[in-house]
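Letter by letter, the chains look like this.
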Amino acid sequence: MSKEFIVAIELGSSKIIGVAGRKNIDGSITVLKVVKEPTHGCIRKGVVYNIDKTEALLKEVVNKLSTSLGYEIKCVYVGAGGQSIRSVRNVINKTFDTETVITDEMVDELMDSNRNMQYPDHTIIGQATQEYKVDQQYQLDPVGIQCTKLEGNFLNILWRKTFDRKFNKCFQDTGIAIAELYLSPLVLAESVLTESERRNGCMLVDIGADTTTVATYYRNLLRHLAVIPLGSNNINKDLTNLQIDEAEAEELKLKYASAYNEEQEPSNTLLSIDGERSISAKDFTSLVECRMEEIIRNAWFQVPQEYTDKLLGGIIITGGGSNIENIDKAFQYHTKKNKVRIAHTVNQTIDSNHPDIKAQDGTMNTILALLSKGDLNCAGRELNSTLFTPAHNETTEDEIGNEIPREPRNPNTLTPEVIQTEAERAQIEAEKKRKEEEERERLEELRRKEEEERKKRKENSFINRLKKRFGKLVKDIMEEEKDSN
């Protein structure tokens, strides 16, 4: 097995997926191993709820990958998503007394001010710069332009603090080092959208098991990101209300479900459940259509109103829910947008014999997108090495830990899809406090010196000198009187 490979892990609502792959010279990716473990409710709507069970599943996925590859895994690339994530617009202004040429430092100051915004119970995990308003003109890069007012328009991507802590704790407790933490919806967009779609304006809809993620792009910029708590599993839940268990409901959905019925009146035939039981095709079709309409209308509602008529790139659907028959026609009908396509796989060339990869049904798009982002060798020591006969590998046991050693990175230099880990944020916060303490000490020392200077000036002042002379004169007179007596 290859001594060099990349490992990506996705924590989904229905399963945790781990994939190991190798990048080839021609730019293609060869998938070496795929491991999937059902979450059984420990992850709900993309959010970790049961830490212990999630940690056990993470260990199981990594151990299976490691055993299959024959090497320890020293780090992994991880995607974060789920209902907790949302975007919020923010505007930061800076005015000048006279016309001033904008510098990089001024732009960084705006970005720092934006990142320091406080949102109750939420953490800013990414910021996507929209445009800068220089006086009355909008610019993507304001550096070098002269103005009296600079306005920064930002899209802040938030994550609930409690979910953030749980997510990071799972990897810290299991000792799985994170090479890079990515925002899954944005990495997915990079791999399934075309440059033309992002530039002309498009809506990316990722229909998962428990959630549907909507990302709106225009002029190559992310304009809005939202996660709604509805997914294809909602159809299954509706079916279970008809006394059908979950496994049977999933089978029925895959076999008969259609998001849009072109006939005016659905067929009144019976659909077999298990040979003995059946369900009316009319009732089944109505149930599926109503649920899909709810998902589509809620997804379309997430597109900011100013962009609904600018989506010349169309609507792109992906994820497991995109396999429901006539899903594209349902989107066309409910959104009145004719340009709709289904992204069955990623734009990269993928070489694999694994049935889930070869199926190209959209279910593996996110994990493949994460794999394509990796550029660090995740292979550690060879498993058959011993204490006395170490494998010929540069990695040592001491190098395997919770974090990849790196200097604290400037958040302003990171692309929106990169999420700083909790350790990185703590490191940057500690560095910030250190600088603030140094600045406080510097100001205190400056204040002390100014106080000393003030005292010296006061002592050397004209009135002070007169007082001293008068005091000396009085003292001399008193001494003369004393001597005369």
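Residues numbered from 1 in each chain as written. Predicted model: local features only at pLDDT ≥ 70, side-chain atom pairs only at ≥ 80, totals over all residues. Heavy atoms only, no water.

### Remarks on the overall build of the chain
Okay, step 1: When helices and strands are tallied, the chain shows 13 helices and 22 strands.
Okay, step 2: Over its C-alpha atoms the chain spans a radius of gyration of 31 Å, topping by over 25% the 23 Å that the globule rule assigns to 485 residues.
Okay, step 3: If you line up the chain on its principal axes, its C-alpha atoms span 135 × 70 × 45 Å.
Okay, step 4: The long-range fraction of contacts in the chain, counting pairs at least 24 apart against all pairs at least 6 apart in sequence, stands at 68%.
Okay, step 5: Charge-centre separation for the chain: the mean point of 67 positive side chains lies 5 Å from the mean point of 80 negative side chains. (Helix = DSSP H or I, 4+ residues; strand = E, 2+ residues; numbered from the N terminus. Rg over C-alpha atoms; globule rule 2.2 N^0.38 Å. Contact = heavy atoms within 4.5 Å. Lys, Arg positive; Asp, Glu negative; His and termini not counted. Charge placed at Lys NZ, Arg CZ, Asp CG, Glu CD.)

### Observations regarding the packing of aromatic side chains
For any pair of aromatic rings, the description rests on two quantities: the centre-to-centre distance and the angle between the ring planes.
Okay, step 1: The tally for this structure, following the rule as stated, stands at 8 aromatic pairs.
Okay, step 2: Summarising the aromatic geometry, the rings of Tyr-49 and Phe-163 are spaced 6.1 Å apart at their centres and angled 50° between planes, so their arrangement reads as tilted. With Tyr-49 in the loop between strand S5 (47-48) and helix H1 (51-69) and Phe-163 in helix H3 (residues 161-174), this pair connects stretches of sequence that are 114 residues apart.
Okay, step 3: In this structure Phe-163 comes out as buried when scored by relative accessible area, which is 15%.
Okay, step 4: An angle of 65° between the planes, with centres 5.3 Å apart, marks the rings of Trp-159 and Phe-167 as edge-to-face. Phe-167 matches Trp-159 in its accessibility class, with the two residues each being buried.
Okay, step 5: Joined through ring pairs, the aromatic side chains of Trp-159, Phe-167 and Phe-171 make up one cluster.
Okay, step 6: The residue whose ring lies beneath Arg-44 is Tyr-49, and the NZ or CZ to ring-centre distance is 4.9 Å. (Phe/Tyr/Trp six-rings, centres within 6.5 Å; stacked < 30°, edge-to-face > 60°. Buried < 20%, exposed > 50% of the residue type's maximum accessible area, 1.4 Å probe, protein only. Lys NZ or Arg CZ within 6 Å of the ring centre and 35° of its normal.)

### Let's talk about the pattern of salt bridges
Okay, step 1: Taken as a whole and assessed by the stated rule, the structure comprises 23 salt bridges.
Okay, step 2: Between Arg-199 and Glu-195 there is a salt bridge, with the nearest N and O atoms lying 2.3 Å from each other. One end of the pair, Arg-199, and the other, Glu-195, are both in helix H5 (residues 195-200), 4 residues apart, so they sit about a helical turn from each other.
Okay, step 3: Note on Arg-199: relative accessible area 37%, which makes it partly exposed. (Salt bridge = Lys/Arg side-chain N within 4 Å of Asp/Glu carboxyl O.)

### Some words on the pairing of strand S13 (residues 202-207)
Okay, step 1: In terms of burial, S13 is largely enclosed, as 6 of its 6 residues are buried.
Okay, step 2: Here 6 bridges tie S13 to strand S14 (residues 212-218), and the two strands are oriented antiparallel to one another. By the bridge assignment for S14, Asp-206 is matched with Thr-213.
Okay, step 3: Hairpin connection from S13 to S14: 4 residues lie between these consecutive antiparallel strands.
Okay, step 4: Pairing of S13 with strand S18 (residues 314-318) involves 5 bridges; the strand directions are parallel. In the strand pairing of S18, Cys-202 is matched with Gly-314. (Pairing = 2+ DSSP bridges.)

### Description of helix H9 (residues 327-335)
Okay, step 1: Listed as buried for H9 are Ile-327, Ala-330, Phe-331, His-334 and Thr-335. Buried residues of H9, seen end-on, are gathered within an arc of 105° and therefore sit on one face of the element.
Okay, step 2: Its buried side turned inward, H9 meets S13, helix H8 (281-301), S18 and strand S19 (340-342).
Okay, step 3: At the C-terminal side of H9, Lys-336 shows a positive phi close to 65°. (Arc of directions from axis to C-beta.)

### Overview of the pairing of strand S9 (residues 122-134)
Okay, step 1: When you tally the buried positions in S9, you get 11 out of 13 residues, the bulk of the element.
Okay, step 2: By the bridge criterion, 10 bridges tie S9 to strand S11 (residues 146-160) in an arrangement that is antiparallel. By the bridge assignment, Tyr-132 is partnered in S11 with Gly-152.
Okay, step 3: The antiparallel hairpin formed by S9 and strand S10 (residues 137-139) contains 2 residues in its connecting segment, where Asp-135 sits at a positive phi of about 55°.

### Details of the environment of Val-78
Okay, step 1: Assignment of secondary structure puts Val-78 in strand S7 (residues 76-80).
Okay, step 2: Residue classification places Val-78 among the buried residues on the basis of a relative accessible area of 0%.
Okay, step 3: Sequence separation between Val-78 and Leu-181 is 103 residues, and the spatial gap between their C-alpha atoms is 5.0 Å.
Okay, step 4: Excluding its chain neighbours within four sequence positions, the residues that come into contact with Val-78 are Ile-9, Leu-11, Phe-167, Phe-171, Ile-178, Glu-180, Leu-181, Tyr-182 and Leu-370.

### Side note on the packing of helix H6 (residues 233-240) against helix H7 (residues 246-256)
Okay, step 1: H7 packs onto H6 with a crossing angle of 120° between their chain directions and a minimal axis gap of 9 Å. When the axis of H6 is compared with that of H7, the two are oblique. H6 and H7 meet at a crossing whose hand is right-handed. Across from Asn-233, Ile-235, Asn-236, Leu-239 and Thr-240 in H6, the residues of H7 making contact are Glu-246, Ala-249, Glu-250, Leu-252 and Lys-253.
Okay, step 2: Residues of the contact of H6 with H7, tallied by class, amount to 4 nonpolar, 3 polar and 3 charged. (Axes fitted to C-alpha atoms, helices over the stretch in contact; angles between N-to-C directions. Parallel < 35°, antiparallel > 145°, perpendicular 65-115°, else oblique. Left-handed = near helix turned anticlockwise from the far one by under 90°. Nonpolar A, V, L, I, M, F, W, Y, C, P; charged D, E, K, R; others polar.)

### Things to note about the sheet that holds strand S12 (residues 178-183)
Okay, step 1: If you walk across this open sheet you meet the 7 strands as S20-S3-S2-S1-S7-S12-S22, and the pairing is mixed. Strand pairing shows two members of the sheet lacking a second neighbour, strand S20 (350-351) and strand S22 (418-419), which therefore form its edges.
Okay, step 2: Note that strand S2 (residues 15-23) and strand S3 (residues 29-38) share 9 bridges and pair antiparallel. When the sheet's bridge partners are listed, Lys-23 is paired in S3 with Ile-29.
Okay, step 3: Sitting on the sheet, helix H4 (residues 184-192) is in contact with S7 and S12, with an inclination near 80° to S12.
Okay, step 4: Packing of helix H11 (residues 365-373) onto the sheet brings it into contact with strand S1 (6-11), S2, S3, S7, S12 and S20, and relative to S1 it is tilted by some 145°.

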